[in-house]
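# Structure assessment
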There are 2 protein chains.
Amino acid sequence: RHYTTRIETLASNHVPRLLHAGGERPTPSPAAAPERRPFSRVTPEDLAFFSKIIPDRTITDPDILEASNVDWLKSVSFSEVLLRPQTTEEVSQILGYCNSRNLAVSPQGGNTGLVGGSVPVYDEIILSTALMNNVLNFDSVSGQYRLTAPILCVCICVKVLADGRVLDCLATLRKDNTGYDLKQLFIGSEGTLGVITAVTILCPRKPKAINVGFLGRCMLGEILSAFEFLDRECMRPLNTHLKLANPITDCPFYVVIETSGSNPTHDEEKLHQFLEEAMTSSQVIDGTVATEAKIKALWSLRERVTEALTHDGFTYKYDISLPVERIYQLVTDMREHLGDRAKSVVGYGHVGDGNLHLNITSPTKDPDLLASIEPFVYEWTARFQGSISAEHCLGLKKRNYIYYSKASLAVALMGNIKTMLDPKGILNPYKTLPDDLQ
Amino acid sequence: RHYTTRIETLASNHVPRLLHAGGERPTPSPAAAPERRPFSRVTPEDLAFFSKIIPDRTITDPDILEASNVDWLKSVSFSEVLLRPQTTEEVSQILGYCNSRNLAVSPQGGNTGLVGGSVPVYDEIILSTALMNNVLNFDSVSGQYRLTAPILCVCICVKVLADGRVLDCLATLRKDNTGYDLKQLFIGSEGTLGVITAVTILCPRKPKAINVGFLGRCMLGEILSAFEFLDRECMRPLNTHLKLANPITDCPFYVVIETSGSNPTHDEEKLHQFLEEAMTSSQVIDGTVATEAKIKALWSLRERVTEALTHDGFTYKYDISLPVERIYQLVTDMREHLGDRAKSVVGYGHVGDGNLHLNITSPTKDPDLLASIEPFVYEWTARFQGSISAEHCLGLKKRNYIYYSKASLAVALMGNIKTMLDPKGILNPYKTLPDDLQ
C-alpha cells in the first residue's frame, strides 16, 4: 500500500512496532474506513516549520506516538507526527499552515473515544490538546472557570478554524441572543469543524449533602442528581471477574440513585420517605443506602461494568437513546435475536435520560456475530426514533449510520456547513459525516 | 416612495389607516431601516395561489392586517398580505412558492417582539403561525408535549427552509450526538433561517410547593426557581401610576425570590432559615413572605414595571447581560451620564442570570436623548464583554450593533450560514444580521 511505502521512505526512527499493537495486523477493515484521500504527506520542511512554532513539542518518536495512534478499541493508525501546542496562537499557526499545505489533521484530547474518532485513520497529523490544561481564571462570584481545553468539548469557547482563523465566542454570560448560536455547532462536532482551544465552565456550588442508594426503581425531586441502572447480567461479571459483591438480593434490575442538596437533614428525610414508599411497593425488592465511607463502593458497581465485561473477551458496545419506556426492550430483543451466538448481552446506563449502554460480549472478535448485531441494532433504534449515538458521537465507526437517526436533508446541511468551515476537509477527515458526503 | 405607489395601485379594500397608527407618520427612520431590496411585489396571481393553498386564511383586509403590521414599539409596516397556515405542509408550499417568486416573507408568532423583528419593514408577506396551535400529543411518562408552533421558538423542532424543504429534527431524546447540532442554529435565529412549525417541549412536574418572598438579597439552593430585582426608581411609577403599594420599607433595591420544590415543609424550613440569616445580615433591611393568596400581588410588583413606566411617556428599553457584579453599575453610570435629560433611569431584571433591563423614560420621544443613550449603552456593555441583547434578540433595531457583542469572524460566519440556508434572502430580510452583510 502506498502508506506502507511512505513509512519506509520517511527518514525517522520509525520502529515497526506501530504495525503490531496487540499482536494484530493493523489493517483498517475495508468495510470500516474509506480510501485515503489525496492529502499531502509530511515532509522534512513541514517538520522544520512545526519545530519552529512549537520547539520540543513536535514529536516523531514512534514510542511516544504509539499511545496517540491507538485508542481504547485498539484501533491503530499511522501518524508519524504528534504536535502538542499550548496556546490558541500556536494552534492557529499550525492549522493555517496545514490548510495551506493540504495536510490532514486529527485533533486529539484525552484519546478516550469509543467510535474510532480520536485517532487518525491513516497518517493524519495528530494535534494534541494535552498541554492545553491551564486555568486562565476562576471567578468565585459566578463560579466560572476559564481554561484552555484539555478535552475536545464543553462550553462557550474559543475555536480555531481549519484555515487558522480564530473564532472567539468565549463569553461568561448565561443569556445572549445576539445573532445565531454558533457555539453549539462546534460542540459535538468531533474536531471536524474547528479545534476548541479555550472554554468557560460554570461550576455549581458543591452540594452540602450527597446520598447514594442502590435499589429497584426511583423518582425523587429537585435533589436527584443521578439515576443509573444495570441489569442482572451486568452483576455476573462484576461478581465473577472483579470479585465485587452484590450488596443486596439478586434482582433482575438494579438502580443507583444519588441525591445532592443544600440541606443534609432535608435530603435524608426525602430519601427515607422515598425509600419507605419504594420498599412497600411491589416494584422494589431490596435496597441499601450508603454511608459516606461506602459511597465509592456502591458507585463502583455501576462504574466498573465496562471493565468487568472486558474479561469475557471482546465487547461490542452500543450507546443508544430511546424513549424511556423502551429502554430495556432492545436488550431483550437483542438477546432473543442472538440466541447463543453471544456470550453475554447486557444493558446498563443513564436510565433517567433514556440512554442505554447495550454491550454484547464474545470470547473473541467474531465477524459473524457482528453481522447479526448490525444493522439489527440500528434498525431497531430507528424504528422507535431513537439515537444511535446518545453520547459517544459518530467518529469513524458510526459515520455511515447517521441516516438511522438524522433526516437526509439534515445530513446534507451538515455537509454544507462542513464545506463552508473547512473547504479542504483537512480537519479529522473520514469521520462524523457519511462517506457519500466526504 | 415607491411603496406608497404600490399601495395605491393594488386593488384592495386598503384603508389609509395603516399609515397612521397612533397618529404618527409611520416613516421608518432613515437611521433605522435600510432601503427596500428588489424583492418582487405581490400580484393578483400570487394571491390566487395562496388562496388555493390556504383558502379563507389568505388575508388582505387592512383592518385585520393592522394588528400584524404594528408591534409593541409601535413600529408600523406595510404588508398587504397576511397568511395563516395550519400545517407544516402548507408552510412548505408557501415558502417554496415565495422563494421561486422572490417574494420576501416575515414570519410572525405572537408579535410581542421588542426589537422591531416581529413585523415587516416594508411590504413583506406576513406568515403568521397563530393557527399552528395544535397539541399533537402529550407523553405523560416523559412529560413531553409535541405541538405545532404558535410562537417563533422553543425546542427540538421541525423547520421549513426558505425554499420550502422541510427539515425534521423533531425528536424526544434528551441525549443525541449524531452529527452537528443544527437545532440550536435555528433557535433564536429570528425567522431568518427557517420557519419552525412544530416543537417538543419537556414539561417538568408541577412543584408541590411554591414560595415567594420579597427582600433585599438572596441565595438559596436547589429550590430557587426565580431571583429577580428592581430598584427604587421602579417602585416610584408602580406606586404613582399603578397605585401598587410597597409591602415593605423604602429600600434602594428589592428582590423577588421564588422557591419551587417537592416537599413544602422542607422548602418552608429552607426559606425561613435563609430569611433569618438574611434579616440579621446588614444587607437586608426588610422583607415579607407571601401566603398563597398574596403571591400574585408580590409578583405584580416585578411584572408590572414595564407597564408602570409607560405612564411616564416614552420608554427607551435595553436588555443587557453583564457579569453579575456589574449588573447595576450601568444604571448608575447612565443616570450620571444623562443628568436631567431623562425623566427616569431604572434598572430591573433577572439578576440571577446577570440580565439587566435598563429603561430610560422621557415625556415624549426625544432624538437628542436617544443620541446620548446610544451608542454609550452599547460601548459600556462591550467594555465589560456583556451582551447587548440577553433575551430580545436583534430584530431590526439592534442588527447593526451586533459587533459590540460578537467578533467579526463570528458575524461573517453567520452571514455564510444565512446565505447557505436562504440564498435569496427572502426570510425576514433587514433583520438580525448587520447591513454590511445583508
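Residues numbered from 1 in each chain as written. Chains lettered and ligands numbered in written order. Predicted model: local features only at pLDDT ≥ 70, side-chain atom pairs only at ≥ 80, totals over all residues. Heavy atoms only, no water.

Here is the rule: UniProt positions are given in the numbering used here, feature names are shortened, and annotations may be inferred rather than shown by experiment.
Going by the annotation in an unreviewed UniProt entry, the name recorded for chain A is D-2-hydroxyglutarate dehydrogenase, mitochondrial, with Oncorhynchus mykiss given as the source organism. Per UniProt, chain A has the following entry under Function (unreviewed entry): "Catalyzes the oxidation of D-2-hydroxyglutarate (D-2-HG) to alpha-ketoglutarate. Also catalyzes the oxidation of other D-2-hydroxyacids, such as D-malate (D-MAL) and D-lactate (D-LAC). Exhibits high activities towards D-2-HG and D-MAL but a very weak activity towards D-LAC." Note on chain A: under the UniProt heading Catalytic activity (unreviewed entry), the record states "(R)-malate + A = oxaloacetate + AH2".

### Here we look at a negative patch on the surface
Quick note on the threshold: Residues form patches when they are more than 30% accessible in relative terms and have no salt bridge. Like charges link within 9 Å. Nonpolar side chains (Val, Leu, Ile, Met, Phe, Trp, Tyr) link within 5 Å. What sets the accessible areas is the Shrake-Rupley method with a 1.4 Å probe; for residues, cover comes only from the shown protein chains. One speaks of a salt bridge when a side-chain nitrogen belonging to Lys or Arg is within 4 Å of a carboxyl oxygen belonging to Asp or Glu. Note that His is not counted, nor are the chain ends; the positive residues are Lys and Arg, and the negative ones are Asp and Glu. Here the site of a charge means atom NZ of a Lys, CZ of an Arg, CG of an Asp or CD of a Glu. Working definition: helices are DSSP H or I runs of at least four residues, strands are E runs of at least two. Numbering for both runs from the N terminus. For every residue, the accessible area (1.4 Å probe, protein chains only) is compared with the maximum for its type, and the residue is labelled buried under 20%, exposed over 50%, or partly exposed between those bounds.
A contiguous patch of negative charge on the surface is contributed by Glu268 and Glu269 of chain A together with Glu268 and Glu269 of chain B. Of all the elements in the fold, those that place two or more residues in the negative patch are α7 (264-280) of chain A together with α7 (264-280) of chain B. Taking relative accessible area as the criterion, glutamate 269 of chain A reaches 37% and is therefore assigned partly exposed.

### So, the nonpolar core
Stated precisely, the cut-off is as follows: By convention a nonpolar core is built from buried Ala, Val, Leu, Ile, Met, Phe, Trp, Tyr and Cys residues, the set being connected through side-chain atoms within 4.5 Å. Contacts were defined at the residue level, with two residues in contact if any of their heavy atoms lie within 4.5 Å.
Counting 99 residues, the largest nonpolar core has Leu358 and Ile360 of chain A together with Leu358 and Ile360 of chain B as its most contacted members. Setting aside anything within four residues of it in sequence, one finds leucine 358 of chain A in contact with Tyr316, Lys317, Tyr318, Leu330, Val331, Met334, Val345, Val346 and Val377 of chain A.

### Considerations on the relation of the copies chain B and chain A
Threshold: In superposing the copies, a least-squares fit is computed on C-alpha atoms, taking residues whose pLDDT is at least 70 in both.
Superposing chain B onto chain A requires a rotation of 180 degrees together with a translation of 0.0 Å along the rotation axis, leaving an RMSD of 0.1 Å. Overall, the copies show the geometry of a two-fold rotation axis. Mapped onto chain A, 100% of the interface residues of chain B are again interface residues, and the two copies thus contact each other with one and the same surface.

### Notes on helix α6 (residues 232-242) of chain B
Residues and elements named next belong to chain B. Applicable threshold: Taking the helix axis as origin, the arc is that swept by the directions to the C-beta atoms.
Taken together, the buried positions of α6 are occupied by Cys234, Met235, Pro237, Leu238 and Leu242. Viewed along the axis of α6, the buried residues span an arc of 165 degrees, placing them on a single side of the element. At the C-terminal side of α6, lysine 243 shows a positive phi close to 55 degrees.

### Section: the sheet that holds strand β2 (residues 82-83) of chain A
Residues and elements named next belong to chain A. The cut-off we apply is this: We call two strands paired when DSSP finds no fewer than two bridges between them.
The strand order across the open sheet built from 4 strands is β1-β2-β4-β3, with neighbouring strands paired in mixed fashion. Edge strands, defined here as strands with exactly one partner in the open sheet, are β1 (58-59) and β3 (105-108). Sheet topology note: the β3/strand β4 (residues 125-128) ladder contains 4 bridges and is parallel. Bridge pairing links serine 106 to isoleucine 126 in β4.

### A word on the interface of chain B and chain A
Heads up, the rule is: Summed over both partners, the accessible area lost on bringing two parts together, with a 1.4 Å probe, is the buried area. In the analysis that follows, any N or O atom pair within 3.5 Å is treated as a polar contact, provided that within protein one partner can donate a hydrogen and the other can accept it, and provided that, for residues neighboring in sequence, both atoms belong to side chains. Three classes are used: nonpolar for Ala, Val, Leu, Ile, Met, Phe, Trp, Tyr, Cys and Pro, charged for Asp, Glu, Lys and Arg, and polar for all others, with Gly counted as polar.
Between chain B and chain A, the contact holds 68 residues from the first and 68 residues from the second. Here chain B and chain A share an interface that buries about 5,600 Å² over both sides, 61% of which is from carbon and sulfur atoms. Summed over the shared surface of chain B and chain A, the result is 9 residue pairs in polar contact (both at pLDDT 80 or more). Among the elements of the structure, β8 (166-168), α5 (183-186), α7 and α13 (408-421) of chain B are those that each provide at least two residues to the side of chain B that touches chain A. Considering each element in turn, the side of chain B that touches chain A owes the most residues, 9 residues, to α13 of chain B. Grouping the constituent residues of the side of chain B that touches chain A by class yields 27 nonpolar, 24 polar and 17 charged.

### Quick word on the packing of helix α10 (residues 329-338) of chain A against helix α12 (residues 376-383) of chain A
All names here are of chain A. To keep it simple, the criterion reads: For helices, the fitted axis covers only the stretch in contact; all axes are lines through C-alpha atoms, and the angles between them, taken along N-to-C directions, range from 0 to 180 degrees. In this scheme, a crossing is called left-handed if the near helix is turned counterclockwise away from the far one by less than a right angle; it is called right-handed if the turn is clockwise.
In the contact formed by α10 and α12, the axes pass within 11 Å of each other and the chain directions differ by 145 degrees. As α10 runs across α12, the sense of the crossing is right-handed. Only Phe376, Val377, Trp380 and Thr381 of α12 make contact with α10, whose side of the interface consists of Gln329, Leu330, Asp333, Met334 and His337. Of the residues assigned to the contact of α10 with α12, the class counts are 5 nonpolar, 3 polar and 1 charged.

### Re the sheet that holds strand β4 (residues 125-128) of chain B
Residue and element names in this part refer to chain B. Taken together, the 4 strands give an open sheet; going across it, the order is β1-β2-β4-β3, and neighbouring strands pair in mixed fashion. Edge strands, defined here as strands with exactly one partner in the open sheet, are β1 (58-59) and β3 (105-108). Relative to β4, strand β2 (residues 82-83) runs parallel, the two sharing 2 bridges. When the bridges of β4 are listed, leucine 83 appears paired with leucine 127. Across the sheet, helix α4 (residues 88-101) touches β2, β3 and β4, and the angle it forms with β4 is around 160 degrees.

### Some details on the pattern of salt bridges
Residues and elements named next belong to chain A. Under the defined criterion, the tally for this structure stands at 30 salt bridges over all chains. Where arginine 399 meets aspartate 435, a salt bridge forms, and the shortest distance between an N and an O atom there is 2.7 Å. Highlighted residues: arginine 399 in the loop between α12 and α13 (408-421) and aspartate 435 in the segment after α13, separated in sequence by 36 residues. One salt-bridge network, held together by shared partners, links Arg36, Arg41 and Asp123.

### Remarks on the packing of aromatic side chains
Residues and elements named next belong to chain A. Convention followed: The rule is short: rings of Phe, Tyr and Trp, with Trp giving its six-membered ring, pair when the centres are within 6.5 Å, and they are stacked under 30 degrees, edge-to-face over 60, tilted in between.
Going through the model one piece at a time under the given rule, you end up with 28 aromatic pairs over all chains. Relative to tyrosine 316, the ring of phenylalanine 314 lies with its centre 4.9 Å away and its plane at 70 degrees, an arrangement referred to as edge-to-face. On the accessibility criterion, phenylalanine 314 (25% relative accessible area) is partly exposed. Residue tyrosine 316 is classed as buried on the basis of its relative accessible area of 8%. The interplanar angle of 35 degrees and the centroid separation of 5.8 Å between the aromatic rings of tyrosine 378 and tyrosine 404 together place this pair among those described as tilted. Pair noted here: tyrosine 378 is in helix α12 and tyrosine 404 is in the loop between α12 and α13, with a separation of 26 residues, a long-range link. Taking relative accessible area as the criterion, tyrosine 378 reaches 1% and is therefore assigned buried. By relative accessible area, tyrosine 404 is classed as partly exposed at 26%. Through a chain of ring-to-ring contacts, the aromatic side chains of Tyr318, Tyr378, Tyr401 and Tyr404 assemble into a single cluster.

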